[in-house]
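# Structural overview for review
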Amino acid sequence: MLRAAIAVAVVAASVLITGAAATPAPVPDDPTDPVRGSEYWLDAAHIREAWQTTRGEGATIAVIDTGIAKVPGVFDGAVADGTDVSGSGTSDGRTPLGAIDGNHGSWVASLAAARGTAEGTGMIGVAPEAKLLSISVGFGAAASVPFSEQIAKGMRWAVDHGADVINLSFTTNTLDWDQSWDDAFLYAFEHDVVVVVAAGNRGSGTNIIGAPATIPGVLTVGGVDQTGTASLEASTQGITIGVSAPSEGLIGMSADGTLASWNGTSGAAPIVAGVAALVRSAHPDMTAANVINRIIKTAVPAPGMTAVPDPLYGYGLLNAQAAVTADVPSVDKNPMGDLAEWVRLFRRAQTEPLPEPTATPIAVPPLPAADAPAEPTSPLLPSADSLRYGTLPLIALTVPGILVALGVTAAARRIRSARARTPNS
């Protein structure tokens, strides 16, 4: 998991059972299987009910993460394409990156679209007939390319290779984001792609949502426990949370084919991304804005919600069956915000070119040449200018003043002498 600025919402996994090779057929579904039985969200979020309408055929989910491993019998036929944007992985994006986070991409992908076995046992994803795109990124020392550049490149690649939904299960722990993400996320929105992101986890140091969950237009996912209560450790809070999904007691398929238990909104996000794929499969002509709107408007209010949206739950708890089948009025804009408008308001506007002048400039004659410098003299001797403008005027003013003062003094003396000679009366 990420340390410092970028923190992936991952909790260390403990191995539960060893996975076995299996055929990629996603049907039938055996709810009595112990693995299927541990996937409590299939019933809690009404996903099995949504499967009566669609299992995600025709939809494509891009997983921008540490890479979807080549696990036999789990992702066979699921990963349609892939790439690496870290500079450290393989060209198909299927080599897990990071000594600590190497399994993270496979866990995320298995929650979204794991195939299960032909007998209907083993781990199955929310949209088991959807296609996956594996875009491997490296966190921290696992990459030679700056993280912000990786995400921007990965977003564009996903859009260009047919993604209907993009899943981002990480947080940067900062409200702001690199400016290069403006264009990358706008590129996805302009191409009608649903972008689902994790809110982050308090247990990983995320006390409030950070980018990309703060980017207008994304569907931010908060986390709840098995009772539908906001998770204290495996979720966080923020005004951009759109919907809540299970984030505790999750399982995921590791790169070595074993199942692992884990917690975090990193897992809640692909559950919602899988539901977005179900909606897109059932309504192939529906815009991304309306897919998001259906998910949040059909969410079930959680006990303790104080507002809609609520800073812990968003619009409520995920309801896949209602999102796929309910009659929801259409919208003409993304209910989670408009990134283009945000950029217009808060990024510095592009400078318009200055207009060409239309008036003829006035010709100004050049100034006369300056006087030649005088010969250098001693600073202790007066110059001609100092005599002309300083000494002579000073003398002209001082001499009359002295004469006047002398006259006044003489007159005063004569008066005193005259008084002295006058006898007393």
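Quick note: structure is the one above.
Okay, so let's go over this structure. Quantities reported herein were computed from a predicted structural model and do not represent experimental measurements. (Residues numbered from 1 in each chain as written. Predicted model: local features only at pLDDT ≥ 70, side-chain atom pairs only at ≥ 80, totals over all residues. Heavy atoms only, no water.)

## Regarding the overall build of the chain
Under the convention used in this document: Secondary structure elements are defined from DSSP: runs of H or I of at least 4 residues count as helices, runs of E of at least 2 residues count as strands, and each element is numbered from the N terminus. Throughout, exposure labels follow a simple rule: accessible area from a 1.4 Å probe, protein chains only, divided by the maximum for the residue type, with under 20% read as buried, over 50% as exposed, and the rest as partly exposed. By definition, residues are in contact when any of their heavy atoms lie within 4.5 Å. The Shrake-Rupley method, run with a 1.4 Å probe sphere, supplies the accessible areas, and residue values consider only the shown protein chains as cover.
Assigned secondary structure in the chain consists of eleven helices and ten strands. Burial analysis of the chain (425 residues in total) assigns 49% to the buried set. Look at the contacts in the chain between residues 6 or more apart in sequence, and 75% of them connect residues 24 or more apart. When the accessible surface of the chain is summed, it comes to about 20600 Å², and 59% of that surface belongs to carbon and sulfur atoms.

## Quick word on the nonpolar core
As a reminder of what qualifies: Throughout this description, the term nonpolar core refers to a set of buried Ala, Val, Leu, Ile, Met, Phe, Trp, Tyr and Cys residues connected via side-chain atoms within 4.5 Å.
Ranked by internal contacts, the top residues of the largest apolar core, which has 68 residues, are Leu132 and Ile295. Considering every element that reaches this core, the biggest residue donor is helix H7 (residues 265-282), with ten residues. Excluding residues within four positions of it along the chain, Leu132 makes contact with Ile61, Val63, Ile68, Phe75, Ala78, Val79, Ala80, Asp81, Ala109 and Ala113. One finds Ala188, Val197, Ile209 and Ile215 within the second-largest nonpolar core, a separate group that totals 37 residues.

## What about the packing of aromatic side chains?
Each aromatic ring pair is described using two quantities: the centre-to-centre distance and the angle formed by the ring planes. As a reminder of what qualifies: Between rings of Phe, Tyr and Trp, where Trp is taken as its six-membered ring, a pair exists when centres lie within 6.5 Å; planes separated by under 30 degrees are stacked, by over 60 edge-to-face, and by other angles tilted. A ring is scored as having a charge over it whenever the NZ atom of a lysine or the CZ atom of an arginine sits within 6 Å of its centre and within 35 degrees of its normal.
The final tally for this structure, using the stated rule, is ten aromatic pairs. Measuring from ring centre to ring centre gives 5.1 Å for Trp107 and Trp262, while their planes differ by 45°; the resulting arrangement is tilted. Placement of the pair is Trp107 in helix H4 (residues 104-113) and Trp262 in strand E10 (residues 258-262), with a sequence separation of 155 residues. For the pair Trp107 and Trp262, a shared accessibility class is recorded, and that class is buried. An angle of 75° between the planes, with centres 6.4 Å apart, marks the rings of Phe170 and Trp181 as edge-to-face. Of this pair, Phe170 sits in the loop between strand E5 (165-168) and helix H6 (180-190) while Trp181 is found in helix H6, placing the two residues eleven residues apart along the sequence. Taking relative accessible area as the criterion, Trp181 reaches 3% and is therefore assigned buried. An aromatic cluster of three or more residues is present, and its members are Phe139, Phe147, Phe170, Trp181 and Phe185. Across the ring face of Trp51, the terminal group of Arg55 is positioned such that the distance to the ring centre comes to 4.7 Å. Its end group placed over the ring of Tyr187, Arg156 keeps NZ or CZ at 4.4 Å from the ring centre.

## With respect to a nonpolar patch on the surface
Note the threshold: Patches draw on residues past 30% relative accessible area with no salt bridge. Two like charges within 9 Å are joined, as are two nonpolar side chains (Val, Leu, Ile, Met, Phe, Trp, Tyr) within 5 Å. Salt bridge, as used here: a side-chain nitrogen of Lys or Arg that lies within 4 Å of a carboxyl oxygen of Asp or Glu.
Taken together, the side chains of Ile395, Val399, Ile402, Leu403 and Leu406 make up a nonpolar region of the molecular surface, amounting to roughly 470 Å² of accessible area. When you line up the elements, Val399 lands in helix H11 (residues 384-421). Residue classification places Val399 among the partly exposed positions, given a relative accessible area of 41%.

## What to know about the sheet that holds strand E4 (residues 131-136)
As a reminder, the rule being used: Between any two strands, at least two bridges found by DSSP are needed for them to pair. To obtain each axis, a line is fitted to C-alpha atoms, and for helices this fit is confined to the stretch in contact; angles are then taken between N-to-C directions over 0 to 180 degrees.
In spatial order, the strands read E3-E4-E2-E5-E6-E7-E8; together these seven strands make up an open sheet with parallel pairing. Two strands bound the open sheet, and with one partner strand each, they are strand E3 (79-84) and strand E8 (241-246). Direction aside, neighbouring strands of the sheet carry axes that sit 25° apart on average. For strand E2 (residues 60-65) and E4, the ladder comprises six bridges, and the chain directions are parallel. Within E4, the residue paired with Val63 across the bridge is Ser134. Relative to the sheet, H7 contacts E2, E5, strand E6 (194-198), strand E7 (219-224) and E8, its axis offset from that of E6 by approximately 160°.

## Examining helix H8 (residues 288-297)
Among the ten residues of H8, nine are classified as buried, and the element is accordingly described as predominantly covered. What H8 keeps buried is the set Ala288, Ala289, Asn290, Val291, Ile292, Asn293, Arg294, Ile295 and Ile296. Where the residues of H8 are buried, they touch E6, E7, E8, H7 and helix H9 (320-325).

## Some remarks on the side chain of Thr236
Worth spelling out the cut-off: Between N or O atoms, a polar contact is any pair within 3.5 Å; within protein, one atom must be a potential hydrogen donor and the other a potential acceptor, and residues adjacent in sequence are included only when both atoms are from side chains.
The residue Thr236 is located in the loop between E7 and E8 in this model. Of the polar contacts made by the side chain of Thr236, one reaches the backbone oxygen of Thr206; its length is 2.9 Å. Within polar-contact distance, the side chain of Thr236 engages the backbone oxygen of Asn207 at 3.0 Å.

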